[in-house]
Amino acid sequence: MIPAYAGPTVRLVAATALVASAVAASMFALTALVLPGDWVRTGLTGIALVAVATGLTRALLERRSRRRDRRDTGTGSVVPTLVGTVVAGWYVLAHYGGPTSRPELLVGPESLARVVDRLGDAGEIIRSEVAPVPGTLPITLLTVGGTLAVLLLADALAGGLRWPAAVGLPLLALWCPPLVLVGEVPTGVFVVVVTALLLLLSVSIDDRRPPRVERPPASVRRAEGARSLATTAVALVVALTAGVVAAASSNLPGYAGAWYQSFTTTGDTIQLAEDLDVLSSLTERSDEVVLTYTGDGEDLGPLRTYTASAFDGRRWQRGDERDGQPLASDTLLWPTELDAGTLQERQDVAVTVGSLRDDQLPVAVEPRRVDVGGTWGYDPLRDEVVGDRTDVGDTYALGVLARNLDPALLRDAGPGVVEDAYLTVPDSEHAQDVAEIAAEVTDDADNAYDQAVALQQWLRDPATFTYSTQLPRGGTGDPVWDFLQHRTGYCVQFATTMSVMARTLGIPTRLGVGFLPGDSDEDPETGEARWEVTGQESHAWPELFFEGVGWVRFEPTPATQTGAAPEYTTATADDPAPAPDPQEVPPPAAERPEPVESDPAPAEPDVAVAPEPESTWSPWAWVALGGVIVAVAAAGLLLWWRGRRDSGPVDAESAWRRVITALDRDGVTLPAPTTPRQAPQAVIDAVERAHGRAPTQVRDDLETLALAVERTRYAGPAELTHDADEDGQDLAVVAARVSERLTNRG
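Criteria and thresholds
- Note on numbering: residues in each chain are counted from 1, in written sequence order.
- Whole-chain, interface and lining totals are the exception, using all residues; otherwise, since this is a predicted model, local features are given only for residues with pLDDT of at least 70 and side-chain atom pairs are given and counted only at 80 or more.
- With hydrogens and water stripped out, all remaining heavy atoms of the structure feed into the side-chain values.
- Secondary structure elements are defined from DSSP: runs of H or I of at least 4 residues count as helices, runs of E of at least 2 residues count as strands, and each element is numbered from the N terminus.
- When accessible area is computed with a 1.4 Å probe and restricted to protein chains, residues below 20% of their type maximum are described as buried, those above 50% as exposed, and intermediate ones as partly exposed.
- What makes two residues a contact is simply this: any of their non-hydrogen atoms within 4.5 Å.
- Only the protein chains shown count as cover for residues, and the accessible areas themselves come from Shrake-Rupley with a 1.4 Å probe.
- Aromatic contacts are taken between Phe, Tyr and Trp rings whose centres are within 6.5 Å, Trp giving its six-membered ring; a plane angle under 30 degrees counts as stacked, one over 60 as edge-to-face, and the others as tilted.
- Helix axes are fitted only over the stretch in contact, all axes being lines through C-alpha atoms; the angle between N-to-C directions runs from 0 to 180 degrees.
- Angles are sorted into four bins: roughly parallel if under 35 degrees, roughly antiparallel if over 145, roughly perpendicular if 65 to 115, and oblique for all others.
- Between any two strands, at least two bridges found by DSSP are needed for them to pair.
- Throughout, nonpolar core names a set of buried Ala, Val, Leu, Ile, Met, Phe, Trp, Tyr and Cys residues whose side chains join them through atoms within 4.5 Å.
- Crossing handedness follows the turn of the near helix against the far one: under a right angle anticlockwise gives a left-handed crossing, and clockwise gives a right-handed one.
- Each residue is assigned to one class: nonpolar for Ala, Val, Leu, Ile, Met, Phe, Trp, Tyr, Cys and Pro, charged for Asp, Glu, Lys and Arg, and polar for all the others, Gly among them.
- The arc in question is formed by the directions pointing from the helix axis toward the C-beta atoms.
- One less than the number of residues in a helix, times 1.5 Å, gives the span that helix is expected to have.
- Any carboxyl oxygen of Asp or Glu within 4 Å of a side-chain nitrogen of Lys or Arg constitutes a salt bridge here.

Student: So what exactly am I meant to see when it comes to the overall build of the protein here?
Tutor: In terms of regular secondary structure, the protein is built from 19 helices and 19 strands. Here the protein holds 746 residues, and the buried ones make up 49% of them. Of the contacts formed within the protein by residues at least 6 apart in sequence, a portion of 77% connects residues at least 24 apart. Carbon together with sulfur atoms contributes 56% to the accessible area of the protein, which is approximately 34700 Å² in total.

Student: Help me understand the packing of aromatic side chains, please; the structure alone is not making it clear to me.
Tutor: The description of an aromatic ring pair uses the distance of the two centres, along with the angle that the planes make with each other. Following the criterion strictly, the structure yields twelve aromatic pairs and no others. Chaining the aromatic ring pairs together yields one cluster made of W458, F465, F483 and F494.

Student: Mind showing me how you'd approach the packing of helix α3 (residues 79-96) against helix α5 (residues 137-160) here?
Tutor: Any two packed helices are characterised by the angle at which their axes cross and by the distance between the axes. As a packed pair, α3 and α5 sit with axes 10 Å apart at the nearest point and diverge in direction by 170 degrees. If you check the angle between α3 and α5, you find them roughly antiparallel. From α3, T81, G84, T85, A88, Y91, V92 and Y96 reach across to α5, where they touch L137, T140, L141, V144, G145, L148, L152 and A156.

Student: What's the story with the pairing of strand β17 (residues 529-534) in this structure? I'm lost.
Tutor: Taken together, the six bridges between strand β2 (residues 289-295) and β17 define a ladder with antiparallel strand orientation. Its bridge partner being in β17, T292 is matched across the sheet by E532. As judged from the four bridges shared by strand β16 (residues 519-522) and β17, these two strands associate in the antiparallel manner. Opposite E522, over in β17, you have A529 as the bridge partner. Where β16 hands over to β17, the hairpin turn is made up of six residues, of which G527 adopts a positive phi near 80 degrees.

Student: Where do I start with the nonpolar core in this structure?
Tutor: As a rule of thumb, soluble globular proteins bury nonpolar side chains together. Counting residues in hydrophobic clusters, the biggest one holds 50 residues, and the most contacted among them are V23, I47 and L148. Of all the secondary structure elements, the ones that give two or more residues to this core are α1 (8-28), α2 (38-67), α3, α4 (109-128), α5, α6 (168-181) and α7 (187-201). Residues contacting L148, with those up to four places away along its chain left out, are G46, I47, V50, A88, Y91 and V92. A308, A438, L484 and V552 belong to the second largest nonpolar core, which has 44 residues in total.

Student: Even after reading the chapter, I still don't get the packing of helix α11 (residues 448-460) against helix α13 (residues 491-504), so can you show me in this structure?
Tutor: Where α11 meets α13, the axes come as close as 10 Å, and the angle between the chain directions of the two elements is 150 degrees. With respect to their mutual orientation, α11 and α13 come out roughly antiparallel. Handedness of the crossing formed by α11 with α13: right-handed. Residues A452, L455, Q456, W458 and L459 of α11 form the contact with α13, whose participating residues are F494, T497, M498, M501 and A502. Among the residues making up the contact of α11 with α13, the classes are represented as eight nonpolar, two polar and no charged.

Student: In this structure, what is going on with helix α10 (residues 431-441)? I would like to understand it.
Tutor: Since the α-helix turns once every 3.6 residues, residues separated by three or four places project in the same direction. Among all positions of α10, only A431, V434, A435, I437 and A438 are buried. Around the axis of α10, the buried residues are gathered within 160 degrees of arc, so they sit on the same side. The outward face of α10, more than 90 degrees from its buried face, is lined by the exposed residues Q432 and E440. Those residues of α10 that are buried are in contact with α11, α12 (479-486) and α13.

Student: Teacher, can you tell me more about the pairing of strand β19 (residues 550-553) here?
Tutor: Sheet topology places strand β18 (residues 538-546) next to β19; four bridges connect them, and they run antiparallel. Counted as the bridge partner of F546 is G550 from β19. In this structure, the hairpin formed by β18 and β19 is closed by a connection of three residues, where G548 is found at a positive phi of approximately 80 degrees.

Student: What is the right way to look at the environment of V79 in this model?
Tutor: Tracing the backbone shows V79 in helix α3. Expressed as a C-alpha distance, the spacing of V79 and R58, which sit 21 residues apart in the sequence, is 8.1 Å. Among all residues touching V79, those that are not within four sequence positions of it are T57 and L61.

Student: Mind showing me how you'd approach α5 here?
Tutor: With 24 residues, α5 should cover 34 Å at 1.5 Å per step; its first-to-last C-alpha distance of 33 Å lies within 8% of that length. In the segment just after α5, R162 is the residue with positive phi, at about 55 degrees.

Student: For this particular structure, what's the right way to read unusual backbone geometry?
Tutor: Leave glycine aside and you will find that most residues have negative phi; peptide bonds, for their part, are mostly trans. Even without a glycine there, the phi angle at D383 is positive, about 55 degrees. With respect to the secondary-structure elements, D383 resides in the loop between β10 (377-379) and β11 (384-386). Notably, R487 is not glycine yet its phi reads approximately 55 degrees, a positive angle. Structurally, R487 is set in the loop between α12 and β14 (488-489). By relative accessible area, R487 is classed as buried at 2%.

Student: Hey, could you run me through the sheet that holds β2 in this one?
Tutor: Strand order across the open sheet formed by six strands is β9-β12-β7-β2-β17-β16, with antiparallel pairing between neighbours. The sheet terminates laterally at β9 (368-372) and β16, the two strands that pair on one side only. The sheet shows a mean angle of 25 degrees between the axes of neighbouring strands, taken without regard to direction.

Student: I tried to follow the sheet that holds β11 on my own but got confused; where do I start?
Tutor: Within a beta sheet, neighbouring strands are joined by backbone hydrogen bonds and run either parallel or antiparallel to one another. The strand order across the open sheet formed by three strands is β6-β10-β11, and the pairing between neighbours is antiparallel. Of all the strands in the sheet, the pair left with one neighbour each is β6 (325-326) and β11. Taken together, the three bridges between β10 and β11 define a ladder with antiparallel strand orientation. Note that in β11 the partner of G377 across the bridge is V386.

Student: In this structure, what is going on with the pattern of salt bridges? I would like to understand it.
Tutor: Per the counting criterion, the structure on display carries 14 salt bridges. Put simply, D38 and R41 hold a salt bridge, and the shortest N to O gap is 3.3 Å. Taken together, the residues D38 and R41, both in helix α2 and three residues apart, mark about one turn of the helix. The exposure class of D38 is partly exposed, given its relative accessible area of 30%.

Next up, the structure:
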């Protein structure tokens, strides 16, 4: 609790800090819907900037009002909210209005147009995907921008309209989505928010107070300080108790059928993410059937949905959308010319779409013919079939041909010549270190093919690398270098690392994203082999370009997840035996509850240092601890600030205003024309009319104060002979004594 004598400026700063803390903690509840990432740091920075802007503006307005001796502190002005809106608007446009994900300080109309377009994209993602979704640019724009809007509204209620009890209402905008879709808010978030709101109720801003109220005697200050600490302790106890009760309720009988489940449905659509974050762990993937296909031969191998060549050091991205060339069912789809005499007919299959909702059509990685209705087209640059959005029940036919990928042919071919984008290596602190490791691994290889095989064999070795959907925390910010240290990851890390290392060797590389072949059984109606592909089979792999051959798939992810490597890559080395039930990388758009950690034991790296140990505390425990630390630090700063003011003198006017304020709160008002000389008798008469006989000692104290006020107002400088500091301390004691006796009569 902030005492009255602390002044409006201190109460303004405390209220602003508490509102910002409540909003920041509430933002963490959204991590149940949007996978944590850089957007959390961006949101916290924005909250801090907007809170400082609004709080500083209110403090300046209050100081200006005090200088003009106005009773209204100016905190009800709309100016602070307008200033905060301008800062929040600039911050959102700077971070989300640029052509890329990099912030830009200068914003303009084009920034606003991009933000509007990305908000539309966010709406489409919300309609088509199932939480939790990855923190792509449109989604983080919606998350951070919405959080800042909530902050502005909550701050206006607490600091502008002086309705601290209503601050919880805008916070519901951040709490309702996880409550409805997931059914819970993290306990740490709950504790911090409830504590902040309870403390906020004690930081009221009362316009009836005079602009300046000086400090009472030490005994009164100690009493108010004790009440402040008691209020803070009660707030923390209430919040922690409520959090414990909420957590315990999840184990009560019947909780599994919680109310929120009436509003939710199990997601039945899957879309592969087009922004693969190499630093993110893999969450659980959907078991929904993506597609099925039937044929009379073996499986088709991986079915690729799209390719990506742009790697910025953390994410793979496809770039802008492109239109495809019109399709014909008899046209062989391949980005370069092929010698038909070298191709072998492999098989024809009929594909039926299940839960996949994507605007790229899954096709085989080898040359193929596609017979599909609608307005699909072929993009030869990316080797993708693009156009309509797939829907349940859609069918199309694939005729797959096989190239003669003989190891001898690939050795003689050498790396092809393509655009520089397929050879670009991100500039990072450890780029040269990665290149040196690639050179060391391929030291015995004298051609591009053997180099690629050596990299694949090294990465697939279970004694060297460990497959896990949970990534250890890296310490450098370079995901490839971090992976080469802790040597634990899933297919995105394996494929990315091989791609970057191959590029350092001068081999053009791109990333293929799609699905593994799936599981097969016999179609009961036709007797043909039938393959079923689910979201569990989502996968990523590198493709390397060889002159005269084209793009060739390699498989660096361990065999325990992908099965055997392609036959044309195992001619020079024994590959680990394949294991059943392949499981690979995620459709981030699929339904993905919190993953079950496999607790891998990574092999000791051959090069560089061991990974940084991970914390055993959950993020929400850190949030709760941070809230407690902030509260304790704020209490310490308040006590320090109070101690700084202990020696300040109290003038006669301030002491007299304290008495008038005590009378006002007690319902006693003096007539407007009362002079200082008339005041003592007027106070006694007013008190006795309202409450009966006043204490006899009050008159002497009132006369002392009235005389000091009269001397201050009307005496000349030569007549003011009293020591100001001594009189100030005496007047403070007299004013406190009068106020206490008038308030505690009888």
